[in-house]
Amino acid sequence: DVKVTQSSRYLVKRTGEKVFLECVQDMDHENMFWYRQDPGLGLRLIYFSYDVKMKEKGDIPEGYSVSREKKERFSLILESASTNQTSMYLCASSFSPGQALQETQYFGPGTRLLVL
Amino acid sequence: AQSVTQLDSQVPVFEEAPVELRCNYSSSVSVYLFWYVQYPNQGLQLLLKYLSGSTLVKGINGFEAEFNKSQTSFHLRKPSVHISDTAEYFCAVRSLDSSYKLIFGSGTRLLVRP
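Residues numbered from 1 in each chain as written. Chains lettered and ligands numbered in written order. Predicted model: local features only at pLDDT ≥ 70, side-chain atom pairs only at ≥ 80, totals over all residues. Heavy atoms only, no water.

### Observations regarding the pattern of salt bridges
This model, assessed by the stated rule, comprises 13 salt bridges over all chains. One salt bridge in this structure joins R22 of chain B and D8 of chain B, with 3.0 Å as the shortest N-O distance. Of this pair, R22 of chain B sits in the loop between β3 (19-21) and β4 (24-26) while D8 of chain B sits in the loop between β1 (3-5) and β2 (10-14), and the two are 14 residues apart along the sequence. Overlapping salt bridges bring together R36, D38 and R44 of chain A as one network. (Salt bridge = Lys/Arg side-chain N within 4 Å of Asp/Glu carboxyl O. Helix = DSSP H or I, 4+ residues; strand = E, 2+ residues; numbered from the N terminus.)

What follows is the structure, given as structure tokens:
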């Protein structure tokens, strides 16, 4: 079974703190994604990475950065947390198109972040 | 640009009744279509996907969906729901001219009552 794990299920941080969310996948997937999920808005893509050290902005990258130093690990960084970044954060991974089991994203359990 | 509309934010239904969750999309190019389910306090899990071929797609847990190109719809159906189907369901689309990006709808909460 594919496994995508996220470092924390719940986090409480203060405004202005630097926050790191970690995601690890064990399926040798090329692609990794960070989404935020808010009620009534569905999932919105923050960043994705299609290879080590490669990244592209998603729909809402402002206030976030990412790091992918190893294929299995993709980190989301909030440089200076703000209250409007209180949300559920979901990590996902997938193979590149053209490979077996393409077009399926596998999700981690999510991290619920509260910024006070 | 693509978009996905899930018309119902919540669908209450009694156990063993049929259910349909509606999804419409907008895209100027061909698309792949997906339904994901999120059980409470969990991440998303793929229910089914349409890439090509037969427009009727069967997924896990007895769900199926039909791709209707003329109506740009991909509605999800189940003939008889269980309490355990209570969850949030997300429709998603990827256009074939984009890289890897999925566009998600806002979700439909299915609430199955005994």
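Anyway, onward from the coordinates.
### Digging into the pairing of strand β3 (residues 19-25) of chain A
Residue and element names in this part refer to chain A. By the alternation rule, side chains of β3 split into V19, L21, C23 and Q25, which are all buried, and F20, E22 and V24, of which none is buried. Here strand β1 (residues 4-6) pairs with β3 via three bridges, running antiparallel. Bridging from a neighbouring strand, V4 pairs with Q25 of β3. Both β3 and strand β8 (residues 73-78) contribute to a ladder of six bridges, which runs antiparallel. Paired with C23 across the bridge in β8 is F74. (Buried < 20%, exposed > 50% of the residue type's maximum accessible area, 1.4 Å probe, protein only. Pairing = 2+ DSSP bridges.)

### Some words on a nonpolar patch on the surface
Residues and elements named next belong to chain A. There is a patch of nonpolar side chains on the surface, built from V12, L114 and L116 and spanning about 270 Å² of accessible area. Here L114 shows up in strand β11 (residues 111-115). The class of L114 is partly exposed, set by a relative accessible area of 37%. (Patch = residues over 30% accessible without salt bridge, like charges linked within 9 Å, V, L, I, M, F, W, Y side chains within 5 Å. Areas by Shrake-Rupley, 256 points an atom, 1.4 Å probe, with all protein chains shown as cover.)

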